There are 2 protein chains.
Amino acid sequence: MRTYKILSDGRRQIGGFYLPGDIFGVEFTDDHAFSAEAITDTKIVVVKRSALIALAGRDATIAHELFALTGRELRRMRERMLLLVKSAQERVAGFLLEMAERAGVGNIVELPMSRQDIADYLGLTIETVSRTFTGLETAAAIAVPASRRIVLRNRSALRHLNG
Amino acid sequence: MRTYKILSDGRRQIGGFYLPGDIFGVEFTDDHAFSAEAITDTKIVVVKRSALIALAGRDATIAHELFALTGRELRRMRERMLLLVKSAQERVAGFLLEMAERAGVGNIVELPMSRQDIADYLGLTIETVSRTFTGLETAAAIAVPASRRIVLRNRSALRHLNG
DNA sequence: CGAACTTTTGAAAGAGCTCAATAGAAGTGG
DNA sequence: CCACTTCTATTGAGCTCTTTCAAAAGTTCG
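Residues numbered from 1 in each chain as written. Chains lettered and ligands numbered in written order. Predicted model: local features only at pLDDT ≥ 70, side-chain atom pairs only at ≥ 80, totals over all residues. Heavy atoms only, no water.

## Here we look at the packing of aromatic side chains
All names here are of chain A. The following threshold applies: The aromatic pairing rule takes the rings of Phe, Tyr and Trp, using the six-membered ring of Trp, and pairs them if the centres are within 6.5 Å, calling planes under 30 degrees apart stacked, those over 60 edge-to-face and the rest tilted. Secondary structure follows DSSP: runs of H or I at least 4 residues long count as helices, runs of E at least 2 residues long count as strands, and numbering of each begins at the N terminus. Accessibility here uses a 1.4 Å probe with only protein chains present; expressed as a share of the type maximum, an area under 20% marks a residue as buried, one over 50% as exposed, and anything in between as partly exposed. Lysine NZ or arginine CZ positioned within 6 Å of the ring centre and within 35 degrees of the ring normal marks a charge as sitting over the ring.
Summed over the entire model, instances satisfying the criterion amount to nine aromatic pairs over all chains. The interplanar angle of 45° and the centroid separation of 4.9 Å between the aromatic rings of F17 and Y121 together place this pair among those described as tilted. Highlighted residues: F17 in strand β2 (residues 12–17) and Y121 in helix α4 (residues 115–122), separated in sequence by 104 residues. Comparing F17 with Y121 shows no difference in burial state: the two are buried. Three or more aromatic residues joined by ring pairs make a cluster, and in this case those are F17, F95 and Y121. It is R115 that lies over the ring of F133; its NZ or CZ is 4.4 Å from the centre.

See below:
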């Protein structure tokens, strides 16, 4: 899944990507800032906010879980914020490391999203993302056997780029 | 107050500015990503996380407040994220509107922070921030009678710039 | 007034964007 | 299986915006 928002100038900002098992859209206020879209076949479990809050009110364990969940979400956002003030190379490196951690098998990451999605996620253009991938490949930090399959060849180099 | 983090390359990223009455640092996880600093004389009330969570476990009203609080924090972060992918002019315009809303008296905003703080908050350099202020003044969107006193002369122009 | 600090301004360099073309992948129908 | 179309990704060249480095102007405080 991806959450996104269309800005007034037509650009699209992606709020985040969600993988199997992830929880998203936990909101306690009424403004729904982002829309959500499936990018692959997806099963979704929907929970009513009022039901969740009511449940948390009765069950301290649920409440605790909920706090932990929003805590993680906040941390993710903060990391994201830090990523967005960096250079294109740092953003792409950070993105790959994030995806490797969340969805990687060994050193191989299958990206479920397009270059355009990545660009809108990182606040870059699709051309810059593509060029940066090529650059990282040239620098032997990654390999790109297929456009959506990335092999991390040198994580410490990526981590170094990530700032 | 400002919260901040020093990146590995020495740059400083400011997490946020907090004004009188604001609550900050509500964390449910153990990683303290940001440090905090007072930039003017400040009185701070400190609440232990464990105490707060325990209280929320007993008092549903407190729990509800806490959810609302983190919800606002999340929304603030999302807006921030949107700001960080925009142009310098959009970032500065957005910053001024935010500050006007939070601390403005009529059309006058007294900025408690330095240009460097603003730059580190917006992910720009101090020179770019300064130039952008000058540009907005030339465009009659704001006036700058003193370097830390901003008069909003044309909010709709700022809002338009804000995207 | 003089020293230290903050802010503004200038000129050149660099990073990323835009526009445009090419290349590659995936699906369709003969 | 191959031509054809469509969609996605890569590459190239020029331009724009932001940064960098440097200097000047304004502020604050002893």
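Picking up where we left off.
## Brief notes about the pattern of salt bridges
Keep this limit in mind: By convention in these notes, a salt bridge is any Lys or Arg side-chain nitrogen within 4 Å of a carboxyl oxygen on Asp or Glu.
Counted by the stated rule, this structure contains 20 salt bridges over all chains. Residues B:R12 and B:D117 are paired through a salt bridge, measuring 2.7 Å at the closest nitrogen-oxygen approach. A residue pair is termed long-range when its members are at least 10 positions apart, and B:R12 in strand β2 (residues 12–17) and B:D117 in helix α4 (residues 115–122) qualify at 105 residues. Both residues of the pair, B:R12 and B:D117, count as buried. One salt-bridge network, held together by shared partners, links A:R2, A:R12, A:E37, A:D117 and A:D120.

## Re the protein's contact with DNA strand C
Selection rule: Summary of the distance rule: residues count as near a molecule or strand when at least one heavy atom falls within 4 Å of that molecule or strand. N or O atoms within 3.5 Å of each other form a polar contact, as long as, within protein, one can give a hydrogen and the other can take it, and as long as residues adjacent in sequence are counted only when both atoms are side-chain atoms. Any residue outside Ala, Val, Leu, Ile, Met, Phe, Trp, Tyr, Cys, Pro, Asp, Glu, Lys and Arg is labelled polar, Gly included; the first ten of those are nonpolar and the last four are charged.
Around DNA strand C sit 16 residues in total, of which A:A88, A:T128, B:R115, B:R131 and B:T134 are the nearest. Near the protein, meaning within 4 Å, the atoms of DNA strand C are sugar or phosphate in a fraction of 63%, with bases accounting for the rest. A:T128 places a polar side-chain atom, nitrogen or oxygen, 2.4 Å from a phosphate oxygen of DNA strand C. In this structure, a phosphate oxygen belonging to DNA strand C sits 2.9 Å away from a side-chain N or O atom of B:S130. Among the secondary structure elements, those contributing two or more residues to the surface near DNA strand C are α5 (126–138) of chain A together with α5 (126–138) of chain B. Residue contributions to the surface near DNA strand C peak at four residues, all from α5(B). Its residues assigned to classes, the surface near DNA strand C shows two nonpolar, eight polar and six charged.

## Here we look at the packing of helix α3 (residues 88–103) of chain A against α4(A)
All names here are of chain A. In plain terms, the rule: Whenever a helix is involved, its axis is fitted only over the stretch in contact; in every case the axis is a line through C-alpha atoms, and angles between N-to-C directions fall within 0 to 180 degrees. Should an angle fall under 35 degrees it is called roughly parallel, over 145 degrees roughly antiparallel, and 65 to 115 degrees roughly perpendicular, with every other angle called oblique. Note on convention: near helix rotated counterclockwise from far helix by under a right angle means a left-handed crossing. Clockwise means right-handed. Only heavy atoms enter the contact rule, under which two residues are in contact if any of them lie within 4.5 Å.
Where α3 meets α4, the closest approach of the two axes is 11 Å, and the angle between their N-to-C directions is 110°. By the angle between their axes, α3 is roughly perpendicular relative to α4. For the pair α3 and α4, the sense of crossing is right-handed. Contact residues: α3 offers R91, V92, F95 and E98, while α4 offers I118, Y121 and L122. Among the residues forming the contact of α3 with α4, the class breakdown is five nonpolar, no polar and two charged.

## Regarding the packing of helix α2 (residues 60–84) of chain A against helix α2 (residues 60–84) of chain B
For the pair α2(A) and α2(B), interaxial distance at closest approach is 10 Å and the crossing angle is 15°. Relative to α2(B), the element α2(A) is oriented roughly parallel. The chirality of how α2(A) crosses α2(B) is left-handed. Mapping the contact onto sequence places A:A63, A:L66, A:F67, A:E73, A:L74, A:M77, A:R78, A:R80, A:M81 and A:L84 in α2(A) and B:A63, B:L66, B:F67, B:E73, B:L74, B:M77, B:R78, B:R80, B:M81 and B:L84 in α2(B).

## Some thoughts on the nonpolar core
As a reminder of what qualifies: Among buried residues, those of type Ala, Val, Leu, Ile, Met, Phe, Trp, Tyr and Cys that are joined through side-chain atoms within 4.5 Å constitute a nonpolar core. The domain limits used here are those given by an automatic or database domain assignment.
Counting residues in hydrophobic clusters, the biggest one holds 29 residues, and the most contacted among them are A:F95, A:L96, A:L111, A:F133 and A:I142. Listing elements by their share of this core, those giving two or more residues are β2, α3, α4, α5, β5 (142–146) and β6 (149–152) of chain A. For this core, the two domains that each supply at least three residues are domain 1 (2–82) and domain 2 (86–161) of chain A. If we skip the residues at most four places from it in the chain, A:L96 touches A:F133, A:L136, A:I142, A:I150 and A:L152. Of all hydrophobic cores here, the second largest spans 28 residues; its members include B:L83, B:L111, B:I118 and B:A141.

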